[in-house]
Every structure is written in C-alpha cells, then in structure tokens.
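Next come the chains, spelled out residue by residue.
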Amino acid sequence: MRLSAALVASHRYFNDILGLSDDEAPIVLRKTKVDYFKKKLVERGVNLEEPEVLEWLKQIDSNRDGVVDLFEWGDVIDQTKKLDRLLRVPVPVKNHEVQFKNLIAPFTQEDEEMFYNMMRRLKIITEHAVSKEVRIMIDAEQTYFQPAISRVTVELMRRYNREKAFVFNTYQCYLKDAYRNVATHLELSRKEDFFFGAKIVRGAYIKQERDRALALGYSDPTQPDPESTTAMYEKVVSAALEEVKARGIGQRKVAIMMATHNEDTVRYTVTKMKQLGIAPADRVVCFGQLLGMCDQISFNLGQSGYSIYKYVPYGEVLEVLPYLSRRALENRGVLEKTTKERRLLGKELRRRIFSGQWAYTPKGDFWPV
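Residues numbered from 1 in each chain as written. Predicted model: local features only at pLDDT ≥ 70, side-chain atom pairs only at ≥ 80, totals over all residues. Heavy atoms only, no water.

Per the secondary structure count, the protein chain includes 15 helices and 8 strands. When the 369 residues of the protein chain are sorted by exposure, 45% land in the buried category. Contacts in the protein chain between residues at least 24 apart in sequence constitute 69% of all its contacts with a sequence separation of at least 6. Per element, the accessible surface of the protein chain, about 19800 Å² overall, is 55% carbon and sulfur. (Helix = DSSP H or I, 4+ residues; strand = E, 2+ residues; numbered from the N terminus. Buried < 20%, exposed > 50% of the residue type's maximum accessible area, 1.4 Å probe, protein only. Contact = heavy atoms within 4.5 Å. Areas by Shrake-Rupley, 256 points an atom, 1.4 Å probe, with all protein chains shown as cover.)

Set out below in structure tokens:
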C-alpha cells in the first residue's frame, strides 16, 4: 500500500511541476519532452547542474528518446538499486540549491527485504513460465494496492514480453480510470516495442472501494452503475482490439483475455472482432469463465473456434472456499442465470431422448449470437 501511495504521489509531483491537475492524462500519454520538463524544473528553481539531479533526469527518460517516461525499474527488479532511490524527487530550496525529498517515509530494512523477496519470486515464476511458453496473468486488487501491482507488472512486460505476450496485466472496468490506464500502457508498449497482454474484467471490490472512499472522504473511484461499467468495458475492449488491428493482427503484438460471464459483453466483443477482421484462428483474443459458470457461453464460443479457458481455483477446500464465496457474491447476477442454464440443459436432454441422439457433437462452423 505504501508503494502504491508513493506512485500516486509521484504522478502528482510531475503534474505539479507541469502546472496540471491530478485528473490530467498521465505523462506517458502527453509525450512531454524532457527539454520542456527541464525548463519547468528551472522555472521552479531546480538547479539542473547538480550531479544527483542529472542522474535523476536519466531515470525519467529510460529509453533515451527525449520524452519523459516512467521511472526505470529494471535495476530494482535486478536488485542492483535501492527502492528508495526511485521514490526521491528534487525540490528547490533557498539560493538555487536543490534538496531531494522522499515521496513517502523511507522504507525500513525489513520493508526492503520483503519487497526484494517478492521481486525474486516474481522473477523465478515469470522466467519459468517463459521457458515453458506459459502465460502468466497477474490479478488486480483494490485501488489502494493496485498502482504498485500494475507498475511491477508493466516492468515485467517490458522485460519478458519481447517475443510473445507472456505477462498479462489485469484491468478492472468498474473503475473510472480503467481506460486511461489501458491507453497509457498501450502507448508505452508501442513506444518500447514490447508485446502487450491484457486481462479485462469488470471488477471485484466495489463495496470495499466505496466504503473506504466514504470513510476517508475522497472521490469514489468506481462507476456509478452497472451500465457505466459495461460502457467502460466496451471502451477498453474496443481500444485493445483496435490496437491489435493497428499493429498487425498476424504480429500478435497485443493479446487479450476476456474474463467475463456477461453474454452482452461477449456478444459485443465477437461483433467488434468481426468488424475489424480479427478471426478466432488469429489467437489474439481468448475468453475465460469460472468452471461451472455460464457453460452455455463457453461451449458456444469453443465450438466456434475461439480459445476458451475455464478458471479452476486450486488448493485445499478451506483455502479455496473463501475465494469461491467472494466470486459467488460478486457474480450474483450470474448465479441468477442458473435457472436459464437448467432450462437449457433440460431442453437439450429432452431433445436427445426423443431424437435418439445420446451422443451428439455440434459442428463448429457458426458464429455465436
């Protein structure tokens, strides 16, 4: 949570230097020139000749293209640089001197050890997945954790998504800033020419988000109603699919996992793919549902040639039950559809009995509707 807070504070710092509000687009999307940013620093009284400032400026233009990027985190992943060095920014003091301040309180040695243990494990898991050509999808959490999770995931993409989209970041469309985050990361992947992987979900923590926003007195980060979430989901899907088309369908520079139980969202995605000329056989879009939920969606898509994954939580019953309970609460609308599923199963069973087709495999030469 502290690391996420530092990343939010970093965004505010850049906006403050540029004289922008917190709601402005991220610095990556604005393509702010380093020279312009230096000019703004000088206007604020920062001495650019200070050695520490010069070193800091190198970090904000990691690929040396003259445009302000994100801080370079590669050295942190490799454990050759202290985490605190990425969380320090220059501020002017009297007589044109410069002082560096920490965006948050410095990490303790125990904090650093925990962070690097996490990074070491992530490296081991990701490198093993890449060696086996297995994709790894990193889930999203609450907004007060997510900036750090997303930042680390993007850095793993930059490092390991050089030949295929092995690492996927998760985008929750019940959040108001979902599209902005996707657009930012798509822009970064385009600039640095790495493969982009996105798992697109509706979201899981709406009550916690709203309760916390109310208790702490900040703006609710979630969409006001399900219709707004659907509109955001479709906007994010459209942006990702159009990027697939723009960067070359056959190149597979963008890969998408549509993790949804919503029939209308699936129908929208299939229609959009058709409009853009993206075929199921192109293998750039796949769909996923929980095992035992919405099989009528999964089977129809599978029979139409789409890649379908059924998500199976694995572990001891006492460990898995809390997860499944949360999913059941989040998917109450899906659970209400079990009546429809039972009706469809009963209808098919009666058809097979009266037609004598006990074993039946539909032909997969149709588009789902």
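That was the structure; now back to the text.
Moving on, we get to the pattern of salt bridges. As enumerated under the stated definition, the model contains 18 salt bridges in all. Note that E155 and R158 form a salt bridge whose closest N and O atoms lie 3.1 Å from each other. Linking E155 with R158, this pair stays in helix α7 (residues 146-160), spanning 3 residues, or about one helical turn. Here the two residues E155 and R158 agree in accessibility, since each one is buried. The salt bridge involving E187 is made with R190; its shortest N-O contact spans 2.5 Å. (Salt bridge = Lys/Arg side-chain N within 4 Å of Asp/Glu carboxyl O.)

Angle between the axes and distance between the axes are the two parameters that describe a pair of packed helices. Between helix α8 (residues 178-192) and helix α10 (residues 226-246), whose axes approach to 9 Å, the crossing angle comes to 10°. In terms of orientation, α8 and α10 fall into the roughly parallel class. Where α8 approaches α10, its residues A178, Y179, V182, L186 and R190 are matched on the opposing element by M232, K235, V236, A239, A240 and E243. Its residues placed into classes, the contact of α8 with α10 shows 8 nonpolar, no polar and 3 charged. (Axes fitted to C-alpha atoms, helices over the stretch in contact; angles between N-to-C directions. Parallel < 35°, antiparallel > 145°, perpendicular 65-115°, else oblique. Nonpolar A, V, L, I, M, F, W, Y, C, P; charged D, E, K, R; others polar.)

Assignment of secondary structure puts S150 in helix α7. For the pair S150 and S4, spaced 146 residues apart in sequence, the C-alpha to C-alpha distance is 9.3 Å. Setting aside chain neighbours within four positions, we find S150 in contact with N169 and H185.

Glancing now at the packing of aromatic side chains. Tallying each qualifying case throughout the model produces 7 aromatic pairs. With a centroid separation of 6.1 Å and an interplanar angle of 35°, the aromatic rings of Y171 and F196 are classed as tilted. Within this pair, whereas Y171 is found in strand β4 (residues 167-172), its partner F196 is found in strand β5 (residues 196-201), the two being separated by 25 residues in sequence. A relative accessible area of 1% places F196 in the buried class. Three or more aromatic residues link up through ring pairs in this structure, and these residues are F14, F37 and W56. A cation sits over an aromatic face here: K235 above Y179, 4.3 Å from the ring centre. (Phe/Tyr/Trp six-rings, centres within 6.5 Å; stacked < 30°, edge-to-face > 60°. Lys NZ or Arg CZ within 6 Å of the ring centre and 35° of its normal.)

Among the surface-exposed residues, L349, I353, F354 and W358 lie close enough to one another that they form a single nonpolar patch of about 530 Å² accessible area. Along the chain, the position of W358 falls in the segment after α15 (338-355). (Patch = residues over 30% accessible without salt bridge, like charges linked within 9 Å, V, L, I, M, F, W, Y side chains within 5 Å.)

Turning next to the packing of helix α11 (residues 263-276) against helix α12 (residues 295-303). Where α11 meets α12, the closest approach of the two axes is 11 Å, and the angle between their N-to-C directions is 20°. In terms of their interaxial angle, α11 and α12 are classed as roughly parallel. Relative to α12, the crossing made by α11 is right-handed. Each of E263, V266 and V270 in α11 lies in contact with α12, whose residues at this interface are Q296, I297 and L301. (Left-handed = near helix turned anticlockwise from the far one by under 90°.)

With 52 residues, the main nonpolar core has I200, L241, I256, M258, I278, V285 and F287 as its most contacted residues. A total of 7 residues in this core trace back to one element, the largest contributor, which is α10. When residues no more than four places from it in sequence are discounted, the contact partners of V285 are L241, I256, M258, M273 and S307. One finds L18, V46, L48 and V89 within the second-largest nonpolar core, a separate group that totals 19 residues. (Core = buried A, V, L, I, M, F, W, Y, C linked by side-chain atoms within 4.5 Å.)

All right, on to the pairing of strand β6 (residues 254-259) then. By the criterion of burial, β6 is predominantly enclosed, with 5 of the 6 residues buried. Note that β5 and β6 share 5 bridges and pair parallel. Among the inter-strand pairings, A198 is bridged to a residue of β6, identified as I256. Pairing of β6 with strand β7 (residues 285-290) involves 4 bridges; the strand directions are parallel. Looking at β7, one finds that A259 is bridged to G288. In this fold, β6 hands off to α11, which returns the chain to β7; that crossover is right-handed. (Pairing = 2+ DSSP bridges. Right-handed = clockwise from strand over helix to strand, strands pointing away.)

Moving on to helix α4 (residues 51-59). Listed in full, the buried residues belonging to α4 are V53, W56, L57 and Q59. Around the axis of α4, the buried residues are gathered within 150° of arc, so they sit on the same side. Summarising the contacts, the buried residues of α4 are in contact with α1 (2-18), α3 (34-43), β1 (88-92) and β2 (98-102). (Arc of directions from axis to C-beta.)

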